[in-house]
Amino acid sequence: MAEITDIENEFIREEIEEYLERPDEIERTINTFAQTSPAMQAIAAALIDGGHHTVDELTKEALEAGVEALEIMDDGLISGMGIVGIKFRDNFIFVPEVLACARAMKAGMAYVEPILSESGIDPIGVVIMGTVKGDLHDIGKNLCIMMLRGSGFAVHDLGVDTSEDEFIEAVEKYEARLLGMSALLTTTMPNMGKTIEAFIDEGLREDVKIMVGGAPVTQEFADDMGADGYGKDAVECVELAKRLLTEEDEEF
Ligand code: B12
């Protein structure tokens, strides 16, 4: 097992010491960063700090120096976002800070994404994401999308106020095996259940795994409406998407 002193970047070391509380997460994060180069640690640190100009510059420099796009995405951007996700979940940072980090991630992904799609690295799965009908909240959904994309999923974003028909059309059009719905209002939460019923009516329910989330949604609510999974944050959304995809593979 790696030690925290194996991480060269002082900012990252301080972040781990100050904000990470769960032993398993501390161990995992130290192991991750101990294996990354100082240049990747600097990108992660800039991202955690919400510095989109710095991430932009450092990503460009790293690519020019010959670092692989995949290494930048995994070791720089995603590993940084991992710490952001934990800090957000544990209420050390809030929406404005997360949006700044999201902007910084986007600045790096702007260089990395085209290279990765060019090099033909296949996405690990296709996900349709949208906020349900009547609901205009999209900050949480967008964070989930960013984390999903950062983890190798191809995501089609249907935006907000998405009708049952729009979800169905998109799943068919993109042959997606995963659908994610977001709702932030107690009045729009039932539209998740209605969408699931619409998939049943169309005879398409078996073709797609459905995950749900959003502040008022609970595991119990997800079970009641017949969803395949519930995730409470963007980190769980990615874990859930990976798990559902594995379950799908096993069913086939
Ligand atoms: C920002 C905000 C707005 C913004 C939305 C801007 C935008 N572009 O999204 C604006 C100002 C537009 C807005 C409008 C309204 N809002 Co508002 N809004 C909020 C607020 C303050 C924050 C929501 C947010 O972004 N949270 C941060 C994100 C990161 O968290 P999140 O969305 O929960 O997402 C995380 C998880 O839930 C999960 N997740 C989310 N989606 C998914 C999907 C999947 C598949 C998975 C696995 C996980 C997952 O991962 C995310 C990342 O960690 C909340 C208060 C709150 N505490 O939630 C009220 C709140 C949701 N709003 C509320 C209300 C009442 C309204 C309005 C009706 C107000 C009005 N009278 O007009 C309107 C409704 C508009 C509409 N039709 O949708 C109420 C809802 C009450 C209720 N019980 O239903 C809340 C709770 C405020 C309150 N306490 O009264 N709102």
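### A look at the overall build of the protein
When its secondary structure is counted, the protein shows 11 helices and 5 strands. Structurally, the protein occupies a C-alpha span of about 55 × 40 × 35 Å along its principal axes. When burial is assessed residue by residue, the protein has 45% of its 252 residues classed as buried. At a minimum sequence separation of 6, the contacts of the protein that also span at least 24 residues come to 75%.

### Thoughts on the site of the ligand
The ligand sits among 29 residues. The nearest are G140, G180, S182, G213 and G231. Among the elements that line the shell around the ligand, the one with the most residues is helix α7 (residues 139-150), at 5 residues.

### A look at helix α4 (residues 52-64)
The terminal C-alpha atoms of α4 lie 18 Å apart, and with 13 residues this matches the ideal 18 Å at 1.5 Å per residue to within 8%. Turning to α4, its buried residues are H52, V55, L58, T59 and A62. Seen along its axis, α4 keeps its buried residues to an arc of 125°; they face one direction. Structural note: α4 exposes H53 and E64 on the side pointing more than 90 degrees away from its buried face. Once α4 finishes, G66 follows within two positions and takes phi at roughly 95°, a positive value.

### Concerning the packing of helix α1 (residues 10-19) against helix α3 (residues 38-48)
Contact pair α1 / α3: the axes reach a minimum separation of 9 Å and the direction vectors enclose 55°. Considering their axes alone, α1 and α3 lie oblique with respect to each other. For the element pair α1 and α3, the recorded crossing hand is left-handed. Here α1 contributes F11, I12 and E15 to the contact with α3, which in turn contributes Q41, A44, A45 and I48. Taken together, the residues that form the contact of α1 with α3 break down as 5 nonpolar, 1 polar and 1 charged.

### Focus: the domain arrangement of the protein
When cut into domains, the protein gives domain 1 (9-118) and domain 2 (125-251). Summarising the inter-unit geometry, the C-alpha centres of domain 1 and domain 2 are found 26 Å apart. Each partner contributes to the interface: domain 1 provides 10 residues, whereas domain 2 provides 9 residues. Listing elements by their share of the side of domain 1 that touches domain 2, those giving two or more residues are α5 (69-89) and α6 (95-118). Classifying every residue of the side of domain 1 that touches domain 2 gives 8 nonpolar, 1 polar and 1 charged.

### Regarding the environment of A110
With respect to the helices, strands and loops of the structure, A110 is situated in helix α6. The class of A110 is partly exposed, set by 14 C-beta atoms lying within 10 Å. Here the alpha-carbon distance between A110 and E3, two residues 107 residues apart in the chain, equals 33 Å.

The rules behind these values
- Residues numbered from 1 in each chain as written.
- Predicted model: local features only at pLDDT ≥ 70, side-chain atom pairs only at ≥ 80, totals over all residues.
- Helix = DSSP H or I, 4+ residues; strand = E, 2+ residues; numbered from the N terminus.
- Buried ≥ 20, exposed ≤ 12 C-beta atoms within 10 Å, placed from the backbone.
- Contact = placed C-beta atoms within 7 Å.
- Near = placed C-beta within 6 Å.
- Expected span 1.5 Å × (residues − 1).
- Arc of directions from axis to C-beta.
- Axes fitted to C-alpha atoms, helices over the stretch in contact; angles between N-to-C directions.
- Parallel < 35°, antiparallel > 145°, perpendicular 65-115°, else oblique.
- Left-handed = near helix turned anticlockwise from the far one by under 90°.
- Nonpolar A, V, L, I, M, F, W, Y, C, P; charged D, E, K, R; others polar.
- Domains from an automatic or database assignment.

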